[in-house]
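These are the residues of each chain, in order.
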Amino acid sequence: MRALVTGGAGFLGSHLCDLLIREGHKVVAMDNFITGNPDNFQHLIGNPGFRFVQHDVTEFTYVAGPLDAVIHFASPASPIDYLELPIQTLKVGALGTHKALGLAKAKGARFLLASSSEVYGDPLVHPQEESYWGNVNPIGPRGVYDEAKRFGEALAMAYHRTHGVETRIARIFNTFGPRMRARDGRVVPTFIVQALKNEPLTVFGDGTQTRSFCYVSDLVDGIYRLLLSDETHPVNLGNPAEMTIAEFAEEILEITGSSSRIEYRDLPQDDPKVRQPDILRARTILGWEPKVGLREGLERTIDHFRSLATGSA
Ligand code: UDP
């Protein structure tokens, strides 16, 4: 298979490139570096199966040669990034998905969309099943991401129904691991970096909101299985082990042995109160479930951030 991965210099995109190369496929990675980082694919440079193209997928997108898969992972992906890059976030989810689908159609390639648990908004159904339509504030600060992902799903289904493009939709829940940006604002790198520096851990709100964290190797394995499957309807991918953010802060303090204290800050607007994927569809259709426990995943991620801090990475 020869696959295009948009957002190939990002956290998930670059791990996906690694997996595809490991599986013997050829990869064209594309990124405009607004949140991606070339360090994430340096180790693939010189690999005959790997090519990188610097390009903004919201503009007309052409890739020479055959493509069997177009995997659209490009997007700012943390709440702080959506606040700083609201228009780029909307554009890459809407115009970028359109360009990527057009390319998939022209090449006769299958298409996979990195959608998100954010399509469920601040959910009124718990855990979230794919049949739930969500509770999204379209005009709030997170709306730029949530609505772009929802539009992307609608567009993928329209290309499937109208043009017969083989489309796949992954609804990705909170994922973590090495290569997250230390300052992307998401809770996992934020707490780890704060703990390693013995600075206060900034818990937003009263810390009773919940999340369920999936380790990156599990997530990209699920993406790969979905790509190879025949499933057109959305599939949740995430780890159902749910915890409160206050519990998560305690876990980080324990694993790092940090002397940081916890400091409470205002809860951002529209911050979902609960989040846990129902992964029955992924289990039955893809034979997939997460294998890496939270502690093991966090230990690997903490090692990564420690080595960055000491310059040994
Ligand atoms: N959060 C926090 N402190 C931080 C960063 C995030 O308490 O420094 C909380 C945030 O309010 C949310 C949860 O952690 O409830 C997960 O936030 P993240 O930005 O990782 O992603 P989200 O799941 O909200 O998209």
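In case you missed it, the structure is sitting above this.
Along every chain, residues carry numbers that run from 1 in the direction the sequence is written. Under the rules for a predicted model, residues below a pLDDT of 70 receive no local features and side-chain atom pairs below 80 are neither given nor counted, while totals for whole chains, interfaces and linings still include all residues. The side-chain values count all of the structure's non-hydrogen atoms but skip hydrogen atoms and water molecules.

## Quick word on the nonpolar core
And step 1. Only buried Ala, Val, Leu, Ile, Met, Phe, Trp, Tyr and Cys residues count toward a nonpolar core, and they belong to the same one when joined by side-chain atoms within 4.5 Å. Think of it in three bands: residues with accessible area under 20% of the maximum for their type are buried, residues over 50% are exposed, and the middle band is partly exposed, with areas taken using a 1.4 Å probe on protein chains only. By size, the foremost hydrophobic cluster in this structure holds 58 residues, and its most contacted members are Ile71, Phe73, Ile223, Leu237 and Leu298.
And step 2. Beyond its immediate chain neighbours, meaning those up to four positions away, Leu298 contacts Phe176, Val188, Ile192, Phe248, Glu251, Ile252 and Ile255.
And step 3. If you look at the next biggest cluster of nonpolar residues, it comprises 22 residues, including Val92, Ala100, Leu155 and Ala156. Every residue pair with non-hydrogen atoms within 4.5 Å of one another is taken to be in contact.

## A few points about the packing of helix H5 (residues 187-196) against helix H7 (residues 245-256)
Between two packed helices, both the angle of their axes relative to each other and the distance between the axes serve to describe the pair.
And step 1. In this analysis, axes come from line fits to C-alpha atoms, helices being fitted only over the stretch in contact, and the angle between any two N-to-C directions falls in the range 0 to 180 degrees. Counting from the N terminus, the helices are DSSP H or I runs at least four residues long and the strands are E runs at least two residues long. For the pair H5 and H7, interaxial distance at closest approach is 10 Å and the crossing angle is 40°. Relative to H7, the element H5 is oriented oblique. For H5 against H7, the interelement crossing comes out right-handed. Together, Val187, Val188, Phe191, Ile192, Ala195 and Leu196 of H5 and Ile245, Phe248, Ala249, Ile252 and Thr256 of H7 make up the contact between the two elements. Roughly parallel refers to an angle under 35 degrees, roughly antiparallel to one over 145, roughly perpendicular to one between 65 and 115, and oblique to any angle outside these ranges. Note: crossing handedness is left-handed where the near helix turns anticlockwise from the far helix by less than a right angle, and right-handed where it turns clockwise.

## Re the packing of aromatic side chains
And step 1. Between rings of Phe, Tyr and Trp, where Trp is taken as its six-membered ring, a pair exists when centres lie within 6.5 Å; planes separated by under 30 degrees are stacked, by over 60 edge-to-face, and by other angles tilted. Tallying each qualifying case throughout the model produces 10 aromatic pairs.
And step 2. Where Phe33 meets Phe41, the ring centres are 6.5 Å apart and the plane angle is 20°; that geometry is what we call stacked.
And step 3. Assessed through its relative accessible area of 23%, Phe33 is described here as partly exposed.
And step 4. Taken together, the aromatic side chains of Phe33, Phe41, Phe50 and Phe52 make up a single cluster linked through ring pairs.

## As for the environment of Arg211
And step 1. Structurally, Arg211 can be placed in strand E9 (residues 210-212).
And step 2. Along the primary structure Arg211 and Leu286 are separated by 75 residues, whereas in three dimensions their C-alpha atoms are 23 Å apart.
And step 3. Residues in contact with Arg211, not counting those within four places in the same chain, are Asn174, Ala241, Glu242, Met243, Ile245, Asp271, Pro272 and Arg275.
And step 4. Polar contact is defined as a pair of N or O atoms within 3.5 Å, subject to the rule that within protein one atom must be able to donate a hydrogen and the other to accept it, and that residues adjacent in sequence are counted only when both atoms are side-chain atoms. Within the local environment of Arg211, its side chain forms a polar contact with the side chain of Asp271, the two groups lying 2.9 Å apart.
And step 5. Polar side-chain contacts of Arg211 include one of 2.8 Å to the backbone oxygen of Pro272.

## What about the packing of H7 against helix H9 (residues 294-310)?
And step 1. Two elements in contact, H7 and H9, have axes separated by 11 Å at closest approach and are oriented at 60°. By the angle between their directions, the pair H7 and H9 is classed as oblique. Classified by chirality, the crossing of H9 by H7 is right-handed. Across the interface between the two elements, Phe248, Glu251, Ile252, Glu254, Ile255 and Thr256 of H7 pack against Leu294, Arg295, Leu298, Glu299, Ile302 and Arg306 of H9.
And step 2. Residue polarity follows a fixed list, in which Ala, Val, Leu, Ile, Met, Phe, Trp, Tyr, Cys and Pro are nonpolar, Asp, Glu, Lys and Arg are charged, and the others, Gly among them, are polar. Residue composition of the contact of H7 with H9, grouped by class: 6 nonpolar, 1 polar and 5 charged.

## Focus on the site of the ligand
And step 1. As a structural note, the neighbourhood of the ligand is formed by 18 residues, with Val187, Thr202, Phe204, Arg211 and Asp271 the closest of them.
And step 2. In this structure, Val187 approaches the ligand through a main-chain N or O atom, which is 2.8 Å from an oxygen atom.
And step 3. With respect to the ligand, the side chain of Arg211 contributes an N or O atom lying 2.6 Å from an oxygen atom.
And step 4. Summarising the interface, the protein chains cover 95% of the accessible area of the ligand, which totals 510 Å² for the free molecule.
And step 5. Listed by contribution, the elements that provide at least two residues to the shell around the ligand are H5 and strand E8 (201-204).
And step 6. By residue class, the composition of the shell around the ligand is 7 nonpolar, 5 polar and 6 charged. Near, as used in this document, describes a residue that has one of its heavy atoms within 4 Å of the molecule or strand being considered. Only the protein chains shown count as cover for residues, with accessible areas throughout obtained via the Shrake-Rupley method and a probe of 1.4 Å.

## Some remarks on unusual backbone geometry
And step 1. The linkage connecting His126 with the following residue, Pro127, adopts the cis geometry, with an omega of -10°.
And step 2. At Phe33, a position not held by glycine, the phi torsion is positive, near 65°.
And step 3. At Asp270, a residue that is not glycine, the phi angle is positive and equals roughly 65°.
And step 4. Counting through the fold element by element, Asp270 comes out in the loop between strand E13 (262-265) and helix H8 (280-286).

Note that all results are geometric; they support no functional claim without further evidence.
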